[in-house]
Amino acid sequence: MPNGFNALNSTEANQVLTRSRYLRRLDERRETDEFRQLTNFGLTIGWLFTLLGGFCWFCVISQIDWFWRMMMTAGLVLLFLGTVLPQLLYWPRRLWMGLAHLQGRLVMTVLLTVVYFGLMSPLGWWERRRRGGSHPFYSWDTNRPTLTTGWETLPQTTPDSIAGDVQQNGSRSLVSLFAETLMFFAERGHYLLLPVLLLLLMLGMILFFVQTSALAPFIYTIG
Amino acid sequence: MTSILGISAFYHDSAAAVIVDGQIIGAAQEERFTRIKGDPSFPHHAVGWSLEQAGLDIEEIDHIVFYERPLVHFERLMMTYLLTAPRGLRSLLHTLPEWLTRKLWLEREISAELDVKRKIHFIDHHRSHAASAFYPSPFHEAAILTIDGVGEWSTATWGIGRGSAIDLREELRFPNSLGLLYSAFTYYCGFKINSGEYKLMGLAPYGRPVYADRIMQRVIHLMDDGTMLLNQKYFNYATGLTTTSAAFHELFDGPPRQPESQITQREMDLAASIQAVINEALLRMGRFIHNRTGLDQLVLAGGVALNCVATGKLSSEGPFKQIWTQPAAGDAGGALGAALSFWHRELRQPRSVASPDGMHGAFLGPDIPPESSQDDAILRALGAVWDVLDEGDLQRRIAADISDGKVVAVARGRMEFGPRSLGSRSILGDARSESMQSRMNLKVKFRESFRPFAPMVLAEDAEAYFDCRQESPYMLLVFPVAERRRKTVEQLDKFGIELLKLIRSDIPAVTHVDYSARLQTVDLQRNPFMHGVISNFKSQTGCSVIVNTSFNVRGEPIVNTAEDAYRCFMATEIDNLVVGNRYLERTRQPHPPMDEAARAKWLQRFELD
């Protein structure tokens with residue numbers, strides 16, 4: 001009597017399926033990236049722990065010598081694994097980066113809250129006053145709006161230039177994208193928002209770099 | 001040769017489309033590959049498949065186009081937070097970190113995802129919708145209307161398409177949005193936004209529009225041209241993480257319904273009320289646009305265009321002689337629209353109008369060919385047993401089984417692009433059967449018993465069964481069942497779901513409680529295989545209508561491959577399955593069907609919608 005059909009087990013059928021060339025390349029790329037990240041993690045944190053732990057153990061008179069010794073040992077282990085068997089660092093790195101991410105979110109939450117209440121709220125109050133009742137966030141109780149149409153003329157956008165389509169490097173520097181963003185807001189007349197935007201974009205860039213770095217937890221602590 | 005890759009991603013229902021010299025080579029949604037409904041992640045699988053279909057490597061693609069402008073979207077977010085401060089902190093903390101680290105730098109993000117060093121082009125969200133609606137339509141000249149929740153700033157736009165030019169004239173701007181209004185009621189009635197809207201639409205005929213006046217008088221200010229202001233007192237979407245506010249809950253007599261809890265008459269009445277409002281708004285918009293353009297053809301796209309009750313009303317009662325809706329009207333279709341817009345607008349290429357239209361029946365996805373050694377190997381690995389029939393025998397056999405009351409699933413040919421199954425990935429049944437509706441809902445789809453099923457009808461016989469003014473090849477218009485087909489029912493003491501059990505016509509499985517049906521007209525040109533199946537069914541039974549529902553279970557994306565099809569077949573009580581030219585009978589499969597426990601585990605894979 002054959003067993004009941006198990007729809008969750010798909011290994012045999014999956015072996016038959018072939019992945020597209022694009023997906024095979026993606027798999028290879030992801031594998032290489034992961035290998036590189038694990039090696040970087042092992043070497044960066046390994047050197048940091050080894051040097052810091054070694055320095056404090058040898059040169060600083062401290063009551064927690066055992067701690068510095070452990071740190072140095074952990075550093076040496078990480079250096080060894082990062083060089084020889086980076087695959088074993090998969091879970092340590094995930095845990096480390098998870099902590100970095102959490103820390104990043106916390107720092108971001110605090111900074112964004114400060115920017116929101118310190119800068120955006122007063123600017124928002126000013127902007128609402130400037131616009132009178134004409135801003136689009138209508139709310140009413142008894143006096144219904146008197147507007148008779150909601151249609152607004154659509155700003156005409158010019159077609160994208162295709163010059164240099166292939167030649168232009170898609171990975172433009174973040175600085176040029178940063179400038180483009182500020183220019184866009186300036187062109188649309190949002191001068192009031194520019195200082196806020198400058199601050200937010202800088203915060204975003206720091207978070208962007210730091211989220212992908214093994215040094216993240218230290219940078220946040222220093223910051 | 002010029003090739004363009006269109007991409008929509010990062011919000012909901014990611015997709016990719018490739019066009020070569022203006023011809024659509026392929027288009028597919030990522031969810032069909034990853035098996036995650038409405039998957040918003042970067043559509044690697046869809047891109048990979050599209051490239052294979054075109055026979056190109058990613059480096060050989062000439063232009064890459066994204067369906068939205070991130071900078072304009074970001075401007076809307078910033079202005080919203082500014083104008084609503086200090087009430088929007090929670091939303092800002094939820095949204096901005098991802099924008100500041102990822103979404104604002106999409107050019108780099110997309111280049112990195114695709115591993116290409118190439119300029120990425122961005123097309124306005126509603127222009128992408130407009131292009132997806134007009135360019136593949138059968139019209140040389142047409143009025144265009146796009147309506148959805150929100151694009152960058154626009155929530156609706158209208159314009160004129162003529163030849164290869166699209167002139168978008170006016171927009172309705174955030175936060176005033178027909179789509180967001182409908183989504184707010186979807187959420188309030190306990191359904192998931194971006195997937196539960198169909199349920200709300202299906203629920204509406206059970207209720208009475210008792211709240212419609214309250215909506216019109218308190219919640220919105222609907223103008224003669226169909227645009228509206230939404231009273232922000234009742235909404236939370238601009239500043240919070242939910243769509244409706246406490247004032248909304250107070251106005252409609254209680255908190256939102258908890259998902260999966262009992263549906264009451266209140267939800268049915270709310271669904272009926274918001275549907276009435278949407279119908280009226282769309283009708284007014286239609287009249288306004290007809291008045292301004294003087295054109296008799298209208299093309300539609302955007303998520304709200306999938307509300308086929310409202311578009312059906314616009315077709316029946318509105319001023320347009322013909323309406324054509326892009327079958328992938330939601331964000332997935334934006335990938336195709338962005339690519340087409342780039343071809344005609346940026347590259348200034350002429351357009352030739354295709355007949356019956358340029359969507360190839362919406363069969364633009366991955367293929368399950370009649371014969372394939374790879375599919376044979378997959379099915380063999382799964383332990384399947386089948387007969388191979390030629391096309392004519394297959395059509396006769398399907399028709400005979402349906403007329404015997406069996407449920408037959410079909411996975412054959414290229415998969416549909418868009419949310420509707422149109423015969424390539426469909427479950428079929430007998431529309432004349434009185435028990436088919438509840439059997440299909442409870443034993444095959446495992447979904448709520450109130451949900452209606454849609455009919456497939458031979459295009460040439462459509463008027464014999466339905467009061468339809470035009471063809472509906474993509475199942476995107478709702479029309480009434482013809483008067484002469486109806487049966488009088490005594491429903492005085494019945495309400496709610498009980499109404500569904502009453503037999504209202506000689507095709508009861510596809511007749512909703514208000515005698516409406518979401519129609520798919522099947523013609524020989526777009527869909528020759530299904531046309532043959534229904535023609536056989538007609539010659540065997542005299543009836544030209546069958547039930548057609550998507551080949552999936554509740555919460556599952558529509559099946560894609562032969563493997564998906566066989567797994568779904570074995571997990572449900574579908575009687576027989578067609579994969580390519582193979583006919584698989586339930587009773588001959590060596591494995592018994594899943595037991596209750598295994599099925600429950602299987603269904604857990606799919607998040608409830």
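Right above here is the structure, for reference.
Residues numbered from 1 in each chain as written. Chains lettered and ligands numbered in written order. Predicted model: local features only at pLDDT ≥ 70, side-chain atom pairs only at ≥ 80, totals over all residues. Heavy atoms only, no water.

Caption draft 1: Focus on unusual backbone geometry. Residue and element names in this part refer to chain B. Cis geometry marks the peptide bond from Phe174 to Pro175; its omega dihedral reads 5 degrees. The omega torsion of the bond from Ser355 to Pro356 falls at 0 degrees, within 30 degrees of zero and hence cis. If you check the backbone angles, Ala362 has positive phi at about 70 degrees while not being a glycine. Along the chain, the position of Ala362 falls in the loop between α13 (331–346) and β13 (363–368). Located in the positive-phi region is Met475, a residue other than glycine, with phi close to 55 degrees. Counting through the fold element by element, Met475 comes out in the loop between α17 (462–465) and β19 (477–480). Classification of Met475 by relative accessible area gives buried; the value is 2%. (Helix = DSSP H or I, 4+ residues; strand = E, 2+ residues; numbered from the N terminus. Buried < 20%, exposed > 50% of the residue type's maximum accessible area, 1.4 Å probe, protein only.)

Caption draft 2: Layout of the sheet that holds strand β1 (residues 3–8) of chain B. Residues and elements named next belong to chain B. The 5 strands lie next to each other as β3-β2-β1-β4-β5, forming an open sheet whose pairing is mixed. Among the strands making up the open sheet, the edge pair consists of β3 (23–29) and β5 (120–122). Put simply, the sheet's adjacent strands are angled 20 degrees from each other on average, direction ignored. Of the strand pairs in this sheet, strand β2 (residues 15–20) and β3 are connected by 6 bridges, and their pairing is antiparallel. Each residue of the ladder has a partner; that of Val18, found in β3, is Gly26. Strands in contact with helix α2 (residues 44–54) are β1, β2 and β3; relative to β3, the strand with the most contacts, it is inclined by about 155 degrees. (Pairing = 2+ DSSP bridges. Axes fitted to C-alpha atoms, helices over the stretch in contact; angles between N-to-C directions. Contact = heavy atoms within 4.5 Å.)

Caption draft 3: A look at the interface of chain B and chain A. Contact with chain B, which involves 105 residues of that partner, is made by 91 residues of chain A. When chain B packs against chain A, the two sides together hide about 8,600 Å² of surface, and 62% of this comes from carbon and sulfur. At the junction of chain B and chain A, the tally comes to 7 salt bridges. We note a salt bridge from B:Asp115 to A:Arg25, for which the minimum N-O separation is 4.0 Å. Applying the counting rule to chain B against chain A returns 24 residue pairs in polar contact (both at pLDDT 80 or more). Examining the composition of the side of chain B that touches chain A, we find that 11 residues originate from one element, helix α3 (residues 70–84) of chain B, more than from any other. Sheet analysis places strand β1 (residues 152–153) of chain A next to strand β8 (residues 165–173) of chain B, joined by 2 bridges and oriented antiparallel. If you follow A:Thr153 over to β8(B), its bridge partner there is B:Glu170. (Buried area = accessible area lost by both parts, 1.4 Å probe. Salt bridge = Lys/Arg side-chain N within 4 Å of Asp/Glu carboxyl O. Polar contact = N/O pair within 3.5 Å; in protein donor to acceptor, adjacent residues only side chain to side chain.)

Caption draft 4: Looking closely at the packing of helix α15 (residues 391–403) of chain B against helix α18 (residues 528–541) of chain B. All names here are of chain B. With their axes 8 Å apart at the nearest point, α15 and α18 run at an angle of 50 degrees to one another. Taken together, the axes of α15 and α18 are oblique relative to one another. Of the two elements, α15 crosses α18, and the hand of that crossing is right-handed. Between α15 and α18, the contacting residues are Glu391, Leu394, Gln395, Arg396, Ile398, Ala399, Ala400, Ile402 and Ser403 on the first element and Pro528, Phe529, Gly532, Val533, Asn536, Phe537, Gln540 and Thr541 on the second. Taken together, the residues of the contact of α15 with α18 break down into 9 nonpolar, 6 polar and 2 charged. (Parallel < 35°, antiparallel > 145°, perpendicular 65-115°, else oblique. Left-handed = near helix turned anticlockwise from the far one by under 90°. Nonpolar A, V, L, I, M, F, W, Y, C, P; charged D, E, K, R; others polar.)

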